[in-house]
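# Close look at the chain arrangement
This is what each chain is made of:
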Amino acid sequence: MSELDLDIGLAEAGAVLAAEAARFASFGWMRGTSGNLSVVVSRAPVRLAVTASGLDKGELTAADVVLTDAEGAAVGAGRPSAEAALHARVVRLTGAGAVVHVHTVASVAMGRRRPEGIEFRDLEMLKGLGHKTHEVAVVLPVIENSQDMAELGDRLEAALRPGMPAVVVAGHGLYVWGDDPRQARHRAEVVEWLLELALAG
């Protein structure tokens, strides 16, 4: 990928992430400057566009992204989210093309109620996570928070479960991933629906 191609790719990725962030912010999932999003713009070498640090996610523009490497370190100008390294770790572990991190009330509340993990079974909405039937049981892992992204990444890696492209970080929020931003968004909405149902119960 040439530098020119990369510049175009980053601008396009920024526009997509700005639109996705505005959608999540409208749900109240990215209050203040919380949460962050990323999308892979190159596989060789691995490069991610990550939302910039400290900005209102409901007001992002296409320019409010930072290019990072496979470790989440900035490549060029800008300061990515402090959690860019975890986004990069998710991409390396799962092959994801996009990662969503939102701070929802249901994820924090259910993480406190079920620190051992949150089980969902016999729900039609599980098809939204790629299951062919509702007659399955899946567990959404809950991991302990850490300000050390390497440590948090180790916890996430140990907690990964088949059929569940998401994890709750206790007292913090929800990470969800997919092949592209749209799939990651759909999965985030599905997992949040499941969490809200569990919380209501």
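Residues numbered from 1 in each chain as written. Predicted model: local features only at pLDDT ≥ 70, side-chain atom pairs only at ≥ 80, totals over all residues. Heavy atoms only, no water.

## Remarks on the pattern of salt bridges
What counts here: Counted as salt bridges are all cases of a side-chain nitrogen of Lys or Arg within 4 Å of a carboxyl oxygen of Asp or Glu. Secondary structure elements follow DSSP: runs of H or I no shorter than four residues count as helices, runs of E no shorter than two count as strands, and numbering proceeds from the N terminus. For every residue, the accessible area obtained with a 1.4 Å probe (protein chains only) is divided by the maximum for its type, and the residue is called buried under 20%, exposed over 50%, and partly exposed between those limits.
All chains considered together, the criterion is met by eight salt bridges. Linking R23 and E189 is a salt bridge whose minimum nitrogen-to-oxygen distance equals 2.8 Å. Of this pair, R23 sits in helix α1 (residues 3-26) while E189 sits in helix α5 (residues 181-200), and the two are 166 residues apart along the sequence. Judged by its relative accessible area of 33%, R23 is partly exposed. The shortest N-O distance in the salt bridge between E71 and R92 comes to 3.7 Å. Of the two residues, E71 is situated in the loop between β3 (65-68) and α2 (84-94) and R92 in helix α2; the sequence distance between them amounts to 21 residues. Shared partners join several salt bridges into a network, and the residues in it are R89, D154 and E157.

## Looking at the nonpolar core
The condition that has to hold: Each nonpolar core is a collection of buried residues, namely Ala, Val, Leu, Ile, Met, Phe, Trp, Tyr and Cys, held together in the definition by side-chain atoms within 4.5 Å. The contact rule is simple, with two residues in contact once any of their heavy atoms fall within 4.5 Å.
Core analysis: the largest hydrophobic core is formed by 38 residues, its most contacted members being F120, L140 and L195. In this view, F120 contacts L126, V136, A137, V138, L140, M164, L194, L195 and A198; residues no more than four positions away in its chain are not counted.

## As for the environment of M149
Position of M149 among the secondary structure elements: in helix α4 (residues 149-159). For M149, a relative accessible area of 15% corresponds to the buried category. Residues M149 and V16, 133 residues apart in the sequence, show an inter-C-alpha distance of 25 Å. Excluding its chain neighbours within four sequence positions, the residues that come into contact with M149 are A82, E83, A85 and L86.

## Overview of the confidence of the model for the chain
As a reminder, the rule being used: Within a predicted model, pLDDT stands for the predictor's per-residue confidence, ranging from 0 to 100.
Overall, the predicted model of the chain reaches an average pLDDT of 94, with 96% of residues at or above 70. For residues 1-6, every residue scores under 50 in pLDDT, and the model assigns this stretch five contacts once sequence neighbours within four places are set aside.

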